[in-house]
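Chain by chain, the residues run as shown.
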Amino acid sequence: MATIKTQLVVFDFDWSMADQDTDRWIFEVLAPDIRRKMKTLKESVQWTDLIAQSLQEIHARGRTREEIEHTLRQMPFHPAMVRGVTNLKGASNPSTTFFCLSNANSVFINTIPRGLQNLFEEIVTNPAEFDPSGLLKLRRRVDPDGPQHSCTVGCSPNMCKGEELAAFLERHKPGYDRIIYVGDGSNDFCPILRLRSQDMVLCRRFRGLEGRISQEGGQQCQVKYWAGAWEVEEIFNQFIEKN
């Protein structure tokens, strides 16, 4: 096997880096009735648009920016994941770059991580910001009124993760000896189809990505499965020990 001197770790966020789903967590804590309504609307309303709509609803009820930020900071984030990425980032051999590729949003991702604010080289996600009234305004990364992505694998209209990964690699030539993709959802299937035989996907068990790998296949990369953050830490430590 060729020596690995540089590697890229691509992280999905919900249920991959974080041990919960940010979009659902906010409403389960602050407005369970809105969370229930989301379940009934998710088949008819595009997901990012549904979250934006739901954020407007909790704002109209008087929920504040401070309450949202406090709720995000309470969300489960496993210490083993923090240790794993911190140790890998700190190792000089191989040199590791981290890239976050997520269908969450910029406010959620930048609020939650414990001591990991400077981990990522880039964060590609749906843009969001609080306005002066405290409303968290969210929009799709791919504007519905502009040019759309060309994905044929099944990515959501708001973003094609495969195209976004390819664009990141184009911005960061000459590239990496190895790419490790950590994901869980069905929308993580498109980018792993772009990985090479020396690359690897760390697929979380019992979620959409595992089903698509099993049913559709076609990926060239290696596949490792995990259920708990401690297993990701274990794999990351093996990368350091072997190189």
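Residues numbered from 1 in each chain as written. Predicted model: local features only at pLDDT ≥ 70, side-chain atom pairs only at ≥ 80, totals over all residues. Heavy atoms only, no water.

(A) Spotlight on the overall build of the chain. Looking only at helices and strands, the chain features eleven helices and eight strands. For the chain, whose C-alpha radius of gyration is 18 Å, the value lies close to the compact-globule estimate of 18 Å for 243 residues. With respect to the three principal axes, the spread of C-alpha positions in the chain is 60 × 35 × 35 Å. Partitioning the intrachain contacts of the chain with sequence separation of at least 6 by distance along the chain shows that 62% fall at a separation of at least 24. Summed over its atoms, the accessible surface of the chain is roughly 11,200 Å², and 47% of this surface lies on carbon and sulfur atoms. Charge centroids of the chain, computed over 30 positive and 32 negative side chains, lie 2 Å from each other. (Helix = DSSP H or I, 4+ residues; strand = E, 2+ residues; numbered from the N terminus. Rg over C-alpha atoms; globule rule 2.2 N^0.38 Å. Contact = heavy atoms within 4.5 Å. Areas by Shrake-Rupley, 256 points an atom, 1.4 Å probe, with all protein chains shown as cover. Lys, Arg positive; Asp, Glu negative; His and termini not counted. Charge placed at Lys NZ, Arg CZ, Asp CG, Glu CD.)

(B) Broad picture of the nonpolar core. Within the largest apolar cluster, 50 residues are counted, with the highest numbers of intra-cluster contacts made by F11, M17, I58, V85, L202 and F236. Beyond its immediate chain neighbours, meaning those up to four positions away, I58 contacts I26, F27, L30, A31, I34, R63 and I68. Formed by 19 residues, the second largest nonpolar core is a distinct cluster that contains L8, M159, L165 and Y181. (Core = buried A, V, L, I, M, F, W, Y, C linked by side-chain atoms within 4.5 Å. Buried < 20%, exposed > 50% of the residue type's maximum accessible area, 1.4 Å probe, protein only.)

(C) Quick peek at the pairing of strand 6 (residues 178-183). With respect to burial, strand 6 is a largely interior element, six of its six residues being buried. In the sheet, strand 6 pairs with strand 7 (residues 200-204) via four bridges, with the strands oriented parallel. Looking at strand 7, one finds that V182 is bridged to L202. (Pairing = 2+ DSSP bridges.)

(D) Highlighting the packing of aromatic side chains. The full count for this structure, using the stated rule, is five aromatic pairs. Measuring from ring centre to ring centre gives 6.2 Å for F11 and F236, while their planes differ by 90°; the resulting arrangement is edge-to-face. Of this pair, F11 sits in strand 1 (residues 6-11) while F236 is found in helix 11 (residues 229-242), placing the two residues 225 residues apart along the sequence. Exposure remark for F11: the relative accessible area of 0% places this residue in the buried category. Seen from their ring centres, F236 and F239 are 6.3 Å apart, and the 35° between their planes marks the pair as tilted. Of this pair, F236 and F239 are both found in helix 11, three residues apart, which corresponds to roughly one turn of the helix. With respect to burial, F236 and F239 carry one shared label: buried. Here the aromatic cluster, defined as three or more aromatic residues joined through ring pairs, consists of F11, F98, F236 and F239. The ring of F239 has R178 lying over it, and the distance from NZ or CZ to the ring centre is 4.3 Å. (Phe/Tyr/Trp six-rings, centres within 6.5 Å; stacked < 30°, edge-to-face > 60°. Lys NZ or Arg CZ within 6 Å of the ring centre and 35° of its normal.)

(E) Broad picture of the pairing of strand 7. Of all five residues in strand 7, five are buried, a share of seventy percent or more. Burial along strand 7 is two-sided: the face carrying M200, L202 and R204 and the face carrying V201 and C203 are both buried.

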